[in-house]
Structure formats: C-alpha cells, structure tokens
Amino acid sequence: MSEILKRDKLIKQWIKEAAESIESAKVDSLKVEEKSARNDLVTNMDKKIEEELSRKIRAEFPEDRICGEEGYGDDLKDLKGTVWFVDPIDGTLNFVLQQENFAVMIGVYEEGIGVQGYIYDVVKDNLYSAIKGQGIFCNDQQMKAPKNKSLSEGLIATNSQLMTQDKYSDYRKIADQSMGVRMLGSAGLEVIELLKGNVIAYMASKLSPWYIAAGKVMVEEVGFKVSQFDGSSIDLLNKNKTIFSTGKAFDEIVTVNSK
C-alpha cells in the first residue's frame, strides 16, 4: 500500500503541474497537426505533457512501463508488472476548438489489474480519483456511488461515430430505448458523467487503452460494468468497442447488441 500511496501523491502533483502548463498555453501559441483525419488532432501541448509525465514516471519508477498516446511510452506486448496508461489531453479537438471539455488521465495497473485511476477536468479544476477498494473521490472528497438505473431510466453518452456513420446504425436502437443521447467529446469526462449519475452508459466505437484505463478503475470501483460491445472483456493492448455502464443498463445494452 505504501507504493500506491506514494504514486497517489505524485500523480496528483504531476497532473496539477500538467494542467498549469496546459492552461498557460494560449491558442495562438498552439501548434496543431492532423493525425489520421481532419478531426483527429494533436498539439504541441499533447506531446509536451506526455513527454514530461513519462519522464517523471521513469525517474521515480524505473521498472514500470508506460502506454501513452503520443509515442513516449513502451511497445507493450503484455501487461506484466506495473503499467501506466497516460492520456495527456483527452479531448484534443475540444481543447483546440472550445478550450473546455478536456481532461488529463492516468491509470495504473498491476499484473493487468487496475489499481489507480485519475481523470482531471482541467477547466473546472476537478480531480477525480480512485484507488482500488477505497471508493471514488473528487478533489479528495468521497463521492456517493450513483444509482443503478436501467436503460429506460436515463440518458446515454456516446461518440459521434456511433451516431453518424451508417456502419453503426444498428446501435442506434439502444439510444431509442434510453431517454436521450448526450455527447461531450471526451471519453474521460463521459465516464465522470456516469459516475455522477448524469448518464447511465457511455458507448464508444473505438477506444484506445489510454482512453479506457483510468475510467475502468473508477467505474468498477462503484460496481458498474466495463466491456466490449458483445460483453467480452476489455483488451488493454488494443482498441475496443467500449461500454461503461450501470449494471442494469449493461445487461440491456449487451442483449440488444447480441440480436
């Protein structure tokens, strides 16, 4: 536990330092590049923050490995030992176009088991965190676990691909069974909406491990579900069609997906 508490203190410090760098960056000082498409962006700040976080992790925990979005991590073939999942700016498109609705995320796994998760809403200055077995917190104040609502009792969150691309049209019947759909454009902040009870599920068509890891720790800490669309386990070495959900809604969503 002492190692976990050491990490907890350092991670919270590092995330706040990263946020200060992000907030100090003016729009006109950002260098924005396209990755796979015109709406898949990366900035110099994404790269700078991941590089800094990776350097700090390696300095304090040289035996650990890193899975990061911007290329400063390791080439992982397994999840042995301690693995850090780092997303320097989750919601880069929002960061560039809106200057809000983005987060810094870190997840720590030991032998493939999530033990720590952190999602920092930079603009709102809310740091959500969880240590396995200790509950979920916002700015070190424990949060109440949200209610276990069914699909028909609440809103679902999703990503734009599920709502706009024809190949995902079958999944829209899930939205029809809910009370409505909401989209923030940040996987981490969508998970926070689930933990706050504002939505009963978040579904995304293709999430990389660094988008999933921190939220998975937190969602499972309140007894909710995280899986691929067909109900199979998340693979943190690959991209996943991902569901974060209340227990009741999860059973309904997976049933719909299997038809």
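Definitions and cut-offs
- Residues numbered from 1 in each chain as written.
- Predicted model: local features only at pLDDT ≥ 70, side-chain atom pairs only at ≥ 80, totals over all residues.
- Heavy atoms only, no water.
- UniProt positions renumbered as here; feature names shortened; annotations may be inferred.
- Helix = DSSP H or I, 4+ residues; strand = E, 2+ residues; numbered from the N terminus.
- Buried < 20%, exposed > 50% of the residue type's maximum accessible area, 1.4 Å probe, protein only.
- Contact = heavy atoms within 4.5 Å.
- Pairing = 2+ DSSP bridges.
- Axes fitted to C-alpha atoms, helices over the stretch in contact; angles between N-to-C directions.
- 1 Å grid on protein atoms, 1.4 Å probe; cavity = no way out; pocket = protein on both sides within 12 Å on 5 of 7 lines; lining within 4 Å.
- Points joined across faces, edges and corners; volume = space filled by probe spheres on them.
- Domains from an automatic or database assignment.

Looking at an unreviewed UniProt entry, one finds the chain named Inositol-1-monophosphatase, with Marinilactibacillus psychrotolerans 42ea as its source organism. The UniProt entry for the chain carries the following text under Cofactor (unreviewed entry): "Mg(2+)".

**Observations concerning the UniProt feature "binding site: Mg(2+) 2" (unreviewed entry) in the chain**
Following the UniProt record, one finds the feature "binding site: Mg(2+) 2" (unreviewed entry) at Asp90. By secondary structure assignment, the location of aspartate 90 is in strand S4 (residues 82–90). The class of aspartate 90 is buried, set by a relative accessible area of 3%. Non-local contacts of aspartate 90, meaning those with residues more than four positions away in its chain, are made with Asn101, Phe102, Ala103, Met105, Ser186, Ala187, Gly188, Leu189 and Tyr211.

**Describing the sheet that holds S4**
Spatially, the seven strands line up as an open sheet ordered S3-S4-S5-S6-S7-S8-S9, and their pairing is mixed. Each end of this open sheet is capped by a strand with a single partner; those strands are strand S3 (65–68) and strand S9 (141–142). In this structure, S4 lies alongside strand S5 (residues 103–110), joined through seven bridges in antiparallel fashion. What sits directly across from valine 83, in S5, is tyrosine 109. Packing of helix H1 (residues 2–24) onto the sheet brings it into contact with S4, S5, strand S6 (113–121) and strand S7 (126–131), and relative to S6 it is tilted by some 25°.

**What to know about the pairing of S7**
The side chains of a regular strand alternate, first on one face of the sheet and then on the other. Counting buried residues along S7, six of its six residues qualify, which places the element largely inside the surrounding structure. Going residue by residue along S7, you find Asn126, Tyr128 and Ala130 tucked away on one face and Leu127, Ser129 and Ile131 tucked away on the opposite face as well. Where S6 folds back onto S7 in an antiparallel hairpin, the turn is made up of four residues, including aspartate 125, whose phi is positive at roughly 55°. Summarising the sheet, S7 and strand S8 (residues 136–138) pair through three bridges and their orientation is antiparallel. By the bridge assignment for S8, tyrosine 128 is matched with cysteine 138. Turn length for the S7-S8 hairpin, with the two strands adjacent in sequence and antiparallel, is four residues, and the turn residue glycine 133 shows positive phi of about 90°.

**Describing the layout of surface pockets**
Computed from the structure, the second largest pocket encloses a volume of approximately 160 Å³. Within the residue set of the lining of the second largest pocket, elements represented by two or more residues are S3 and helix H7 (209–221). Residue assignment places the lining of the second largest pocket across two domains, with domain 1 (1–142) and domain 2 (151–257) each supplying three or more.

**Examining the UniProt feature "binding site: Mg(2+) 1" (unreviewed entry) in the chain**
Look at the UniProt record and you will see "binding site: Mg(2+) 1" (unreviewed entry) annotated at Glu69, Asp87 and Ile89. In terms of the greatest pairwise C-alpha distance, the residues named above, spread along 21 residues, form a tight cluster of at most 9.3 Å across. The residue glutamate 69 is located in the loop between S3 and S4 in this model. Glutamate 69 sits in the buried class, given a relative accessible area of 15%. Looking at isoleucine 89, the relative accessible area reads 2%, which means it is buried.

**Some details on the sheet that holds strand S14 (residues 240–245)**
Pairing in this open sheet of five strands is mixed, and the strands run S11-S10-S12-S14-S13 from one edge to the other. Looking at which strands have only one partner, the edges of the open sheet turn out to be strand S11 (181–182) and strand S13 (225–228). Here strand S10 (residues 156–158) pairs with S11 via two bridges, running parallel. Looking across to S11, one finds that isoleucine 156 is bridged to valine 181. Sitting on the sheet, helix H6 (residues 187–195) is in contact with S10, S11, strand S12 (201–207) and S14, with an inclination near 160° to S12. Sheet strands in contact with H7 are S12, S13 and S14, and its direction is about 25° off that of S14.

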